[in-house]
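Structural features, examined
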Amino acid sequence: MSTTKLWGGRFAGKTHPLMEEFGRSLESDRRLLFCDLQVCRAHLQMLGECGAVLPEVSQRLVGTIDQLVKDLNSGATQVSGDHEDIHSWVEAELRERAGDEASLIRLGRSRNDLVVTDFRLWTRQALQRLQEAVRGLQHALLQRAEEQAGAYLPGYTHLQRAQPVALSHHLLAHFWSLQRDHQRFAQCAEAADCCPLGAGALAGSSWAIRPERTAELLGFSRAFDNSLDAVSDRDFAVELLSAVSLCMIHLSRMSEELILWSAPEFGFATFDDGWSTGSSLMPQKKNPDPAELIRGRTGRVIGHLQSLLVTLKGLPLAYNRDLQEDKPPVFEAVEMTEKCLQVMTGVISTLRFETANMAKACEDPGLLATDLADHLVRAGHPFSLAHELAGKWVAGRLEQDELMLVQPLAEALTAQSVLEARRHSGAAGPESVQLQLDKARRSIQ
Ligand code: ARG
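My aim in this report is to walk through the structure given alongside it, one point at a time. None of these values were measured; they are calculated from a predicted model.

Re the overall build of the protein chain
Looking only at helices and strands, the protein chain features 18 helices and four strands. Against the globule reference of 22 Å for 445 residues, the protein chain gives a C-alpha radius of gyration of 30 Å, more extended than a compact globule. Here the C-alpha coordinates of the protein chain stretch approximately 100 × 50 × 40 Å along the principal axes. Relative to its 445 residues, the protein chain shows a buried fraction of 48%. A fraction of 78% describes how many contacts in the protein chain between residues 6 or more apart in sequence connect residues 24 or more apart. With the model as given, the accessible surface of the protein chain reaches about 21,800 Å², and the carbon-plus-sulfur share is 52%. Each charge class in the protein chain was averaged separately, 46 positive and 58 negative side chains, and the resulting centres sit 2 Å apart.

Written out as structure tokens, the structure reads:
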């Protein structure tokens, strides 16, 4: 198919080849292909309904689009050529199939409203995929948490051993952060749920088009209120990037823990062979690469959020070509996040928890110190003294008479007993974790 520009009449001279190449976005925005065709179809149908285009012409062109979609799906047609962007390719293809009549598709719209309509549709689909990927990881965490009901390990603050926690409790902590990601993605879908088509280049159209109808045909629940805002608003993309950044931060924190846990210094987890890699030099190595790559990609996703924010900050109303730079960061960030969620699901589902090492680490008497202080308070001592005595006990600095008071209480404590004592809702003990598991299960059904 020959390359046809969507503009040119006012130019006497030819575009410099470097300018052509510099302005081209086809490689990136070919992802919008099916969204673009959906938007073209809805627009034509609306134009036919409101009489801007003869109904039979509208129907014919809709038929051409449907056939094109079929041919693309079957592989009979492929996107190719040096087109400026995906919209130019679509129009050129339609003209080749339906003749000049196909250019009626440009009536009452411009690429400025078209591109952002495509982008919003793409965003809504991407959010659904992200939500599914989040659910996949939540299911894996939940399943592992249910399986590991009896296991416990030291919980940490400042990366120093603090108090024992049930392994399921630890896994569920990550489940709940993903639950918030899922909710945030739903909020992002709401932000994207507004149809800008009909805003035209910036001021709407002199044709009696019906933007509400196009919105309805495309499954948006509302149409734009202001044409200038419609073509320049990218808040939905910023919100999406911010939500995926936060989701990646959650994955990155999980990754960091898994990396620590798999080091022999901790020895709490072993990566499955299918989810780790080796070294070209050191034969003994088994590295937690998936977790390191997720941690590494988090930096890139956060960078994409920064990139869009900085792109937007200086833009006057309405459309500016800078806005072409909005999509690659979003595409890459979403694709990376989705992949990272899937990889983490694979890692978690197959990880071996070294529960014997976890229990061994809980033999550290320091983990009992808080409960020892609590027992001293129960025995009638002020908390300040109880804290002091328990601290001295840990450090082996108790005087003989103090030791006689503290030792019997300390001897009655074990990691399991202090864990079981944590029974209230949300606590780390097995009874409350059982309730938490039920709640988590219900929350994703
Ligand atoms: N490729 C552009 C983008 O992604 C859309 C085309 C708008 N171009 C124009 N000259 N108004 O934003």
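Things to note about the packing of aromatic side chains
The description of an aromatic ring pair rests on the distance of the ring centres and on the angle between the ring planes. Per the counting criterion, the structure on display carries eight aromatic pairs. Ring plane angle 85 degrees and centroid distance 4.9 Å describe the contact between F175 and W176, whose orientation is recorded as edge-to-face. F175 gets classed as buried once you look at its relative accessible area, which sits at 0%. Among the residues examined, W176 registers a relative accessible area of 22% and is labelled partly exposed. Relative to F268, the ring of F266 lies with its centre 5.5 Å away and its plane at 90 degrees, an arrangement referred to as edge-to-face. In terms of burial, F266 and F268 fall into one category: buried.

As for unusual backbone geometry
Look at the link from L317 to A318: it is a cis peptide, with omega at 0 degrees. In this structure, A318 sits in the loop between α11 (289-313) and α12 (327-350). One non-glycine residue, H158, lies in positive phi territory at about 55 degrees. Within the fold, H158 resides in the loop between β1 (152-157) and β2 (160-166). Phi at L159 is positive, roughly 60 degrees, even though this residue is not glycine.

Observations regarding the layout of surface pockets
Taken as a whole, the largest pocket holds about 410 Å³ of empty space. When residues of the lining of the largest pocket are assigned to their parent elements, the largest contribution, six residues, is made by helix α7 (residues 167-192).

With respect to the site of the ligand
Every residue close to the ligand is listed here: S25, D85, R111, N112, V115, Y319, Q324 and K327. Interatomic distance of 2.5 Å between a side-chain N/O atom of Y319 and an oxygen atom of the ligand. The side chain of K327 places a nitrogen or oxygen atom 2.7 Å from an oxygen atom of the ligand. Protein coverage of the free-state accessible area of the ligand, which is 340 Å², stands at 85%. Take the shell around the ligand: its biggest share by element is three residues, from helix α6 (residues 111-147). When its residues are assigned to classes, the shell around the ligand shows two nonpolar, three polar and three charged.

Re empty space enclosed by the protein
Taken as a whole and assessed by the stated rule, the structure comprises one cavity of 30 Å³ or more. As a volume, the largest cavity reaches approximately 60 Å³. In this structure, the largest cavity is lined by L141, H170, L171, H174, M254, E257, L258, W261 and I348. For the lining of the largest cavity, the secondary-structure elements that each account for two or more residues are α7 and α10 (235-262). If one sorts the elements of the lining of the largest cavity by residue count, α10 sits on top with four residues. Looking at the lining of the largest cavity, its residues break down into six nonpolar, two polar and one charged.

Description of the environment of V134
Structurally, V134 is set in helix α6. Sequence spacing of V134 and L178 is 44 residues, and the spatial spacing of their C-alpha atoms is 6.5 Å. If near-sequence neighbours (up to four positions away) are discounted, V134 is found in contact with L178, H182, F185 and L341.

Structural notes on a negative patch on the surface
On the surface, D225, D229, D235 and E239 cluster together to form a negatively charged patch. Here D225 shows up in the loop between α8 (211-217) and α9 (227-232).

Focus on the pairing of β2
By the bridge criterion, six bridges tie β1 to β2 in an arrangement that is antiparallel. Along β2, the bridge assignment pairs P154 with P164. Linkage of β1 to β2, two consecutive antiparallel strands, is achieved through a turn of two residues, within which H158 is found at a positive phi near 55 degrees.

What counts and what doesn't
- Residues numbered from 1 in each chain as written.
- Predicted model: local features only at pLDDT ≥ 70, side-chain atom pairs only at ≥ 80, totals over all residues.
- Heavy atoms only, no water.
- Helix = DSSP H or I, 4+ residues; strand = E, 2+ residues; numbered from the N terminus.
- Rg over C-alpha atoms; globule rule 2.2 N^0.38 Å.
- Buried < 20%, exposed > 50% of the residue type's maximum accessible area, 1.4 Å probe, protein only.
- Contact = heavy atoms within 4.5 Å.
- Areas by Shrake-Rupley, 256 points an atom, 1.4 Å probe, with all protein chains shown as cover.
- Lys, Arg positive; Asp, Glu negative; His and termini not counted.
- Charge placed at Lys NZ, Arg CZ, Asp CG, Glu CD.
- Phe/Tyr/Trp six-rings, centres within 6.5 Å; stacked < 30°, edge-to-face > 60°.
- 1 Å grid on protein atoms, 1.4 Å probe; cavity = no way out; pocket = protein on both sides within 12 Å on 5 of 7 lines; lining within 4 Å.
- Points joined across faces, edges and corners; volume = space filled by probe spheres on them.
- Near = heavy atom within 4 Å.
- Polar contact = N/O pair within 3.5 Å; in protein donor to acceptor, adjacent residues only side chain to side chain.
- Nonpolar A, V, L, I, M, F, W, Y, C, P; charged D, E, K, R; others polar.
- Patch = residues over 30% accessible without salt bridge, like charges linked within 9 Å, V, L, I, M, F, W, Y side chains within 5 Å.
- Salt bridge = Lys/Arg side-chain N within 4 Å of Asp/Glu carboxyl O.
- Pairing = 2+ DSSP bridges.

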